[in-house]
Amino acid sequence: MLIPFSLKNCFQLLCNRKVPAAGFKDTVKNGLILQSISNDVYQNLAVEDWIHDHMNLEGNPILFLWRNSPSVVIGRHQNPWQECNLNLMRKEGVKLARRRSGGGTVYHDMGNINLTFFTTKSKYDRMENLKLIVQALNTVQPQLDVQATKRFDLLLDGQFKISGTASKIGRTTAYHHCTLLCNTDGAFLSSLLNSPYQGIKSNATTSIPSLVKNLLEKDSTLTCEVLMSAVAAEYAAYHRIDGHIHLVDPEDETLFPGINSKAKDLQTWEWVYGKTPKFTVNTSFNVLDGQSCLEIKVHIDIKNGRIQICNIEVPEHWLPLEVCEKLNSCFIDSKFCPVETTMLTSILLRTCPQDHELYKKWYILCEKIKGIM
Ligand SMILES: Nc1ncnc2c1ncn2[C@@H]1O[C@H](COP(=O)(O)OC(=O)CCCC[C@@H]2CCSS2)[C@@H](O)[C@H]1O
């Protein structure tokens, strides 16, 4: 259901401004600049969903500014195992989010600004939005050499990516969202976006890696706050609207009815991992057998994030065939996820006779399998 912008609309109240009569529409401009007070990636993506689903943007474009605590954000049709180092993320407490828009994987932290340009479908224009950002950057620092590319990246000095773009086009409304690297941890970004997982085959969208740079490295006055104000001022001037930045709380159900359930949906395993296009893993690893090394081959088919076929091939002299088959079949329909694997294998171990040697081998095997998840 679209909530008419002109009626009992929370944003209009926030704006503290009367809605112009229909005849004024072309001369008196509407539009809003919002900034999230939350740094939670799921809550902020839920604001995007909410505005996209509920607001009538005809004559009322919205710019939404937001920043997140450390998070990796994958595109709608991507495979997180192919795109990032999930083990490192778990260890470092970096969130993984799947957004509704397509495209590649990016890293967010408090040194990265996200900008979402909401319009009607007919007013959707990514190049116009990027030009607006470039204009804002040149206003605060005229010496900056920033250019938009054909794939809607922003490049600094012709080679360093400072912004990546993605978008979602709905039936009537659309949004273009992009990043802006101000002061992000570049070394952490590179290690997180470097997948250690081998032998994955899928049709998922793959990211296009670039050399990245922070604007703050170029000019130490270009803080996130300065950049957000500059873009907001440029946006206000361009749309001839009030340049006030309205702070919004993505948990506020009076402002965004139903938003908390949207944020919850975005956090579910079924959305984040389960929406991964089907893929296969063909890999192998070595285990020690006395003084020698044994190669263990693994073939796994995964659909909706769940294991459909699992073939762990272990030399029979190391692990009896029936034990191996038990292991293979226990994984069927389970999540391709280390937590689930730990749970399943510990249940299975309890069904085994007390055999210390077997336990040890089984444990090694399970640890190795978890390593590919
Ligand atoms: N934060 C950030 N900004 C710019 N470039 C980045 C960033 N993080 C990583 N990268 C680089 O971009 C490539 C991926 O480029 P690729 O072109 O494949 O993907 C994108 O750009 C997607 C942008 C999505 C923007 C959304 C806006 C709000 S929610 S996320 C990656 O391998 C890095 O080299």
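Predicted, not measured: the structure shown is a model, and the values here were computed from it.

1. Considering the overall build of the chain
Across its full length, the chain carries 13 helices and 16 strands. Based on the C-alpha atoms only, the size of the chain along its principal axes is roughly 85 × 45 × 30 Å. Per-residue burial over the chain gives 51% buried out of 373 residues. Considering only residue pairs separated by 6 or more positions, the chain has 72% of its internal contacts joining residues 24 or more positions apart. For the chain, the exposed area adds up to about 17,700 Å²; of that, 52% sits on carbon and sulfur atoms. Between the centroid of the 40 positive side chains of the chain and the centroid of its 38 negative side chains there is a distance of 5 Å.

2. Overview of helix α2 (residues 41–54)
The first and last C-alpha atoms of α2 sit 20 Å apart over 14 residues, in line with the 20 Å expected at 1.5 Å per residue. Of all 14 residues that make up α2, 13 are buried, and the element is covered over most of its length. Measuring from the backbone nitrogen of Tyr-42 back to the side-chain oxygen at the start of α2 gives 3.0 Å, which picks out Asp-40 as the cap.

3. Section: the UniProt feature "domain: BPL/LPL catalytic" (unreviewed entry) in the chain
Look at the UniProt record and you will see "domain: BPL/LPL catalytic" (unreviewed entry) annotated at residues 57–243. Taken end to end, residues 57–243 has its terminal C-alpha atoms 18 Å apart, with 28% of it in helix and 28% in strand.

4. Considering the nonpolar core
Nonpolar side chains in soluble globular proteins generally cluster together in the buried interior. Among the nonpolar cores identified, the biggest contains 76 residues, and Ile-51, Val-72, Leu-96, Ile-312, Phe-331, Phe-336 and Leu-365 are the most heavily contacted of them. The greatest single-element share of this core, amounting to seven residues, is contributed by α2. When we break this core down by domain, the ones giving at least three residues each are domain 1 (2–272) and domain 2 (279–371). Setting aside chain neighbours within four positions, we find Phe-336 in contact with Trp-81, Trp-269, Phe-279, Val-281, Ile-300, Ile-302, Gly-305, Arg-306, Ile-307, Ile-372 and Met-373.

5. With respect to the sheet that holds strand β4 (residues 95–98)
Here three strands make up an open sheet; going across it, the order is β4-β3-β5 and the pairing mixed. Among the strands making up the open sheet, the edge pair consists of β4 and β5 (106–108). Strand after strand, the sheet turns through a mean of 25° between neighbouring axes, direction not considered. Bridging between strand β3 (residues 71–74) and β5 involves three bridges; their strand directions are antiparallel. By the bridge assignment, Val-73 is partnered in β5 with Val-106. Running at roughly 20° to β4, α2 makes contact with β3 and β4 of the sheet.

6. Regarding the site of the ligand
Close to the ligand lie 25 residues, the nearest being Tyr-107, Arg-151, Lys-161, Thr-179 and Ile-208. Between the ligand and Tyr-107 there is a distance of 2.9 Å, counted from a nitrogen atom to a backbone nitrogen or oxygen. One of the side-chain N or O atoms of Arg-151 is found 2.9 Å from an oxygen atom in the ligand. Computed on the free molecule, the ligand has an accessible area of 740 Å², of which 97% lies beneath the protein chains in the complex. More than half of the atoms of the ligand fall within 2 Å of the grid points belonging to the largest pocket. The set of elements that each furnish at least two residues to the shell around the ligand consists of β5, β6 (112–120), β10 (165–169) and β11 (173–181). Among the elements that make up the shell around the ligand, the one with the highest residue count is β11 (four residues). Taken together, the residues of the shell around the ligand sort by class into eleven nonpolar, eleven polar and three charged.

7. Side note on the sheet that holds strand β9 (residues 160–163)
If you walk across this open sheet you meet the three strands as β7-β8-β9, and the pairing is antiparallel. This sheet does not close on itself; its edge strands, each paired only once, are β7 (146–148) and β9. The mean inter-strand angle of the sheet, taken between neighbouring strand axes irrespective of direction, is 35°. Across three bridges, strand β8 (residues 154–156) lies against β9 in antiparallel orientation. Following the sheet pairing, Leu-154 is matched in β9 by Ser-163. Here helix α5 (residues 126–140) sits on the sheet and contacts β7, β8 and β9; the angle it forms with β7, its principal contact strand, is near 175°.

8. Thoughts on the environment of Glu-367
Following the sequence through the fold, Glu-367 ends up in helix α13 (residues 356–371). Taking relative accessible area as the criterion, Glu-367 reaches 34% and is therefore assigned partly exposed. Considered as a pair, Glu-367 and Thr-342 are 25 residues apart in the sequence and their alpha carbons are 8.5 Å apart.

9. Quick notes on the domain arrangement of the chain
Its domain assignment divides the chain into domain 1 (2–272) and domain 2 (279–371). Tallying the contact residues gives twelve residues for domain 1 and 13 residues for domain 2. The tally of links from domain 1 across to domain 2 stands at zero salt bridges. On the surface where domain 1 and domain 2 come into contact, there are two residue pairs in polar contact (both at pLDDT 80 or more). Breaking the side of domain 1 that touches domain 2 down by element, the ones donating at least two residues are α4 (86–92), β12 (200–202) and α10 (269–272). Taken together, the residues of the side of domain 1 that touches domain 2 break down into four nonpolar, five polar and three charged.

Conventions we followed
- Residues numbered from 1 in each chain as written.
- Predicted model: local features only at pLDDT ≥ 70, side-chain atom pairs only at ≥ 80, totals over all residues.
- Heavy atoms only, no water.
- Helix = DSSP H or I, 4+ residues; strand = E, 2+ residues; numbered from the N terminus.
- Buried < 20%, exposed > 50% of the residue type's maximum accessible area, 1.4 Å probe, protein only.
- Contact = heavy atoms within 4.5 Å.
- Areas by Shrake-Rupley, 256 points an atom, 1.4 Å probe, with all protein chains shown as cover.
- Lys, Arg positive; Asp, Glu negative; His and termini not counted.
- Charge placed at Lys NZ, Arg CZ, Asp CG, Glu CD.
- Expected span 1.5 Å × (residues − 1).
- Polar contact = N/O pair within 3.5 Å; in protein donor to acceptor, adjacent residues only side chain to side chain.
- UniProt positions renumbered as here; feature names shortened; annotations may be inferred.
- Core = buried A, V, L, I, M, F, W, Y, C linked by side-chain atoms within 4.5 Å.
- Domains from an automatic or database assignment.
- Pairing = 2+ DSSP bridges.
- Axes fitted to C-alpha atoms, helices over the stretch in contact; angles between N-to-C directions.
- Near = heavy atom within 4 Å.
- 1 Å grid on protein atoms, 1.4 Å probe; cavity = no way out; pocket = protein on both sides within 12 Å on 5 of 7 lines; lining within 4 Å.
- Sits in = over half its atoms within 2 Å of the grid points.
- Nonpolar A, V, L, I, M, F, W, Y, C, P; charged D, E, K, R; others polar.
- Salt bridge = Lys/Arg side-chain N within 4 Å of Asp/Glu carboxyl O.

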